[in-house]
Structure formats: C-alpha cells, structure tokens
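# Fold and geometry: a report
Each chain, written out:
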Amino acid sequence: MTYAISQNCCNDATCVSVCPVNCIHPAPGEPGFGSTEMLYIDPATCIDCGACADACPVDAVFPVESLTGPQQAYAEINAAYYADAPTPQPATDSPIFHSWDEPAFPRTLPADFTAPRVAIVGTGPAGMYAAEDLLLHTAAEVTLLDRLPVAGGLVRYGVAPDHPATKRIGDAFARFHDHPRVRMLLGVDVGKDITADELSAHHDAVVYAVGAPGDRRLGIPGEEAAGSLPATTFVAWYNAHPDVPADAVDLSTERVVVVGTGNVALDVARILLTDPEELAGTDIADHALDALRASAVREVVLLARRGPEDAACTRPELLALTQLPGIELVVDDHDPRTGAAIDAAGPRDKAALLRELPRRQVDLSGPVPTGGRRLVFRFHSAPLAVQHDGGTDRTSPGVVGVRVTGSAGGTGIRTGMLLRAIGYRGAPLPGLPFDEDSGTVPHDKGRVTGRTGSYVVGWIKRGPTGGIGTNRACAAETVTTLLGDAADGLLPAPAHSGKAFRRLARRRSRHVVDARGLAAIDRAEQARGSRTGRPRSKLATVPELVAASKTRLPLSR
C-alpha cells in the first residue's frame, strides 16, 4: 500500500523533509518546486512508512486504499506525475538504495553568533514561517505585530470555510504564539501607530510580511458601480474580516458573474452555490451564513478572457468544483475554440476535467432559467463595461457588457452582481520603497533595497503568487539573508530595548492584544460556535475581538 497527496496539499514540503526514501517531488531546490500545483508521491518508491502523513500540517496525505469518492482520483494524479519521467536511481557505487542529491548547507553561523532581536510585521503564513525558522534554528527574540487584534492573516481571512483541513496549518503556527522568546503585539498598525523608523530603532532587524491586501482592477467603465465588487471583499466578507461590514454583500440577484478562473474565483463560485446547510458546520461568518440561507442566487457564471487550457486555477480545485453535489455544470459553447481545447486536452491537463460536462450555447442576456442551481463556464469572453439599467438602489439588476472574441459588438449578460477575481495586489507601506508596476517592495533575496536591517517575505516580496506552503521556502531565503547580514555585522544596533518598544506600542494603540488575549479570543469563538455545533463562530468586528481578548479564565480553587 502506498500513500498519495490529495487536494489539501499546501506545498510547504514538510513531508519531503521526513521521507526516508526521497519519494516526494518536486522537492525544494528541484525544478518545479513552488510552481507545481501540489507535491506528489512516487508509488514505485513509497515504502508505506506513513511519515509524510504524520508530518503533513493540513492532513493531505492518505493511504491509497483509504481514498474514497472524489478523493480516489488523487492516486492516479500522484502516479501520473511520474509517468513521463523515469524514477531517479542512485549511483551504481552508492551505499544507499535511493537517489539523493548532495547535501547543501546554505547557512553557516559563527560559534559566537549573537542572535538578533527581530520584529515581524504580519502574522499570516509568510510571517509565521519566518518566525518558525528564526525560533527553531537560532536564539532570536521575536516580536510579532499585526494591525488587527487577532492573528492568522491569510489562514484566517483568506482560506474558504469549506476547506477546514487547509486551516489546520494555523495550529502549527499557533504553537509559536506563546513561545518564551516571542512577544505578541496585535492591534498595532505599523505605518500608522508605529513608524518603520521607530520599529527599526527598537530591533536589530524587521521583517515585513504584510501580504497583498489590494485587488487588481479591470479598467472598464462602471467598475465602481453598485453591485460590482472585488472578490477580495467577498472573501473577506464570508470570513468575518473586520474591514468588511456584514451588509457589504447583497445576494438578492439570481445571477452572479465572477471574472476570473483562479482558485479565488472557484472559491467564490463554490460558496455562492453550495447548500448553506453544508456550510453551517464550518467557521463561515455568521452574517454570511444568514445571507446565504436567504440568497436568491441560483446561477454563477465564471467568465474567462482566455480558453479552458489557460485556466488559472489548480487542477485539484477544479476537480473538486466539478464534483459539487446538486449543481448543474455547463460549458458555454459560444466559441468553437472552447470545445476544441477541451477535446484536445491530455489526461494531465486541467481542461480535460471539463470533458464530461454538457456543452451548449447559453443565453445569459435574460432571466435565469427556473430550476436548481447552475454553474456556467464561459471562456473567451471579457467584460466591456458594468451598466445599470436605470435603477437607483443597489439591488437593481445591472447589465454587464461581455466582449466575445471575434465579435465586434459583444453580448450582454444580465446580472445583479459582478465579482472581480483577477488577482490581489500589494499596497505601499510608509517608510519602505514600493514598485508600483509589480505591487511589491524592491529587494535582494528579501533584503529591502536601500534600507539596512529591513526585509520582506511573502506576497509583498514576490507578488501574489503561490499558496500557503510556498511561503516556507520564501521565508527561508529571507531569513538566510537576514542571518547572513547579522553574522557579517551589517545590522545596525537598535537604539532602544524591546521593553521600551512594548511600552511605546501600548501608548500608541489603546487596544493591544498579547498572546494571552489571543487565547481568550480563541476560547470565546469556540464557545460561541459550540452552541450551534460549529467549530467556531468568528467575532467580526474590532470592538468584539478586543472585548473578548480581555476576558480571563476564572481562577481554579
């Protein structure tokens, strides 16, 4: 019996480091690592030890014989990765039985190395991978900061609620929240409450892991009209992000158009069409669950400028979408290139997953047909404009002009909501340089250009690409650069102590939450959820989070 990696793979390669026979690829340093959709186990080499399953932080590894239903496809997906390439073999004179590369030691620290005091801005995966690296491999002292009064970043506010296994990576990070060499200061907005210069004056080094909070624009007329929203807002809404109010999304329309075919677009479509009672057992925002229960949405149109062969989503996410129960899936066959690309797709191509779906030309200019819920894939189309049909309130239906490649005028899709899911974008941080074209901070292997002692990691470093696990290798590169600078004596000595910084932060921000307060928030949310049989019920506003952080367990007698 061999093991297989399934849809929840986070790509952080923890499994690779524990595999005794080097059967999981692509591994860090190999071509394709960080760019493939997931990692794969070679069934010809796997020895059924289960070490990878024990180490996986998101429970994505299973014995092949235990896979059932849609999960069975992952046995074939893992094996297919190795079908076109021979299994690596050890050298003929090698004393080991499996192929291994020569060991590499990218870090060499002197025996008298003095561990730095490091501030990490952002508590999402990128920041926490950096913290983990520093804490496990050095004696560094780490200050964790976040502008929100709760930790988690992308894990808490970006992962869809129906992906609970993916959220388990947060448990791996949570063990560092109360680490003896960690000080946590949540609810401190760097750039507003604390300047970058002040942060540097109290620490040997500062690592910025602030992500990409903005969204890319379509650049079409009417893009800012009522009913036209970035998918980032919708995702934040159903994940109870404090920046997005409960009434930010109106689901009174029967048809929603989602522009894009990336994983976020698929998440949005799936949440809109999934039976709300299936979501009732997740940590979805209370207000979102109520809105979905009352939702009028019966059809979602996924709009793609290019063809199915260029869909930006991963194969596992598309496979899961095509297997949703109770939803009719249709490929709009308005353009002959769509069907041709699906028919020509190879077994490992994403487009092949659409081969069994019905194809027909779908009229999207009128009302949604009566019946159940439907998802329409429409390729080779791009929005021209967002137009309202004369209504004055936000619930009035609108018309989205859609350009069909090869058609001079374009066609109209009648809808009450358009969600733009064409990518995230980084935002400038006061005190740091910023590249407007890429939406990132200029750097050299994580070292911020022109700012000694400052570093970046995650999406603000490399752009909004890669999943959660991609941040592990990204953080390792940045931390290696930081430690190299520390060993070479290049870090400026801080003018003030860590204790002085904590006093400063509490003077500037009235509601600082520490590790103890974060634990209180966690208890409060789990207690709220337990009343309705849910894993947790998230607090959705800053005042609620801060109030919960101040509750303390009663003293035991």
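Right above here is the structure, for reference.
Definitions and limits used
- Residues numbered from 1 in each chain as written.
- Predicted model: local features only at pLDDT ≥ 70, side-chain atom pairs only at ≥ 80, totals over all residues.
- Heavy atoms only, no water.
- Core = buried A, V, L, I, M, F, W, Y, C linked by side-chain atoms within 4.5 Å.
- Buried < 20%, exposed > 50% of the residue type's maximum accessible area, 1.4 Å probe, protein only.
- Contact = heavy atoms within 4.5 Å.
- Phe/Tyr/Trp six-rings, centres within 6.5 Å; stacked < 30°, edge-to-face > 60°.
- Helix = DSSP H or I, 4+ residues; strand = E, 2+ residues; numbered from the N terminus.
- Disulfide = S-S within 2.5 Å.
- Pairing = 2+ DSSP bridges.
- Axes fitted to C-alpha atoms, helices over the stretch in contact; angles between N-to-C directions.
- Salt bridge = Lys/Arg side-chain N within 4 Å of Asp/Glu carboxyl O.
- Parallel < 35°, antiparallel > 145°, perpendicular 65-115°, else oblique.
- Left-handed = near helix turned anticlockwise from the far one by under 90°.
- Nonpolar A, V, L, I, M, F, W, Y, C, P; charged D, E, K, R; others polar.

### A word on the nonpolar core
Membership of the largest hydrophobic core comes to 125 residues, with the highest contact counts inside it found for Ile 24, Leu 375 and Phe 377. Filtering out sequence-adjacent residues up to four positions away, Leu 375 remains in contact with Ala 269, Leu 273, Val 300, Leu 302, Leu 321, Ile 327, Glu 328, Leu 329 and Val 330. Val 190, Val 456, Ile 460 and Val 512 belong to the second-largest nonpolar core, a separate cluster that totals 22 residues.

### With respect to the packing of aromatic side chains
Tallying each qualifying case throughout the model produces 7 aromatic pairs. Taken together, a centroid distance of 5.1 Å and an interplanar angle of 85 degrees make the contact between Tyr 81 and Tyr 82 edge-to-face. You can call Tyr 82 buried: its relative accessible area is 12%. Plain terms: the ring middles of Tyr 424 and Trp 459 are 5.4 Å apart, the flat faces sit at 50 degrees to each other, and that makes the pair tilted. One end of the pair, Tyr 424, is in strand 20 (residues 424-425); the other, Trp 459, is in helix 15 (residues 459-462), and 35 residues separate them in sequence. The exposure class of Tyr 424 is buried, given its relative accessible area of 18%.

### Structural notes on the state of the cysteines
Under the definition given, this model contains 0 disulfides. A disulfide-free cysteine, Cys 19 has its sulfur positioned 3.6 Å from the sulfur of Cys 23, the nearest such atom. Unpaired in this structure, Cys 49 has its nearest cysteine sulfur neighbour in Cys 52, at a distance of 6.1 Å. When its relative accessible area of 44% is taken as the criterion, Cys 49 is described as partly exposed.

### Notes on the sheet that holds strand 14 (residues 359-360)
Strand order in this open sheet of 7 strands is 10-19-11-12-15-13-14, and the pairing throughout is parallel. The open sheet is flanked by strand 10 (228-230) and strand 14, the only strands paired with a single partner. Where strand 11 (residues 255-259) and strand 19 (residues 417-420) come together, 4 bridges link them in parallel fashion. Within strand 19, the position partnered with Val 258 by the bridge is Leu 419. Contacts from helix 10 (residues 263-273) reach strand 11, strand 12 (299-303), strand 13 (327-332), strand 15 (373-378) and strand 19, with the element oriented near 170 degrees to strand 12.

### Considerations on the pattern of salt bridges
Under the counting rule described, the total for this entry stands at 32 salt bridges. Note that Glu 224 is salt-bridged to Arg 217, the shortest N-O span being 2.0 Å. The exposure class of Glu 224 is exposed, given its relative accessible area of 58%. Residue classification places Arg 217 among the partly exposed residues on the basis of a relative accessible area of 41%. The partner of Asp 283 in a salt bridge is Lys 538, and the shortest N-O contact between them spans 3.9 Å. With Asp 283 in the loop between helix 11 (276-279) and helix 12 (286-293) and Lys 538 in the loop between helix 18 (515-530) and helix 19 (542-549), the pair connects residues that are 255 residues apart, well separated along the chain. What makes Asp 283 buried here is its relative accessible area of 9%.

### Observations concerning the packing of helix 10 against helix 13 (residues 315-322)
The contact between helix 10 and helix 13 brings their axes to 10 Å, and the two run at 20 degrees. Taken together, the axis directions place helix 10 and helix 13 in an arrangement best described as roughly parallel. The hand of the helix 10/helix 13 crossing is left-handed. The segment helix 10 lies against helix 13, with Asn 263, Leu 266, Asp 267 and Arg 270 engaging Glu 317, Leu 318 and Leu 321. Here the contact of helix 10 with helix 13 is composed, by residue class, of 3 nonpolar, 1 polar and 3 charged.

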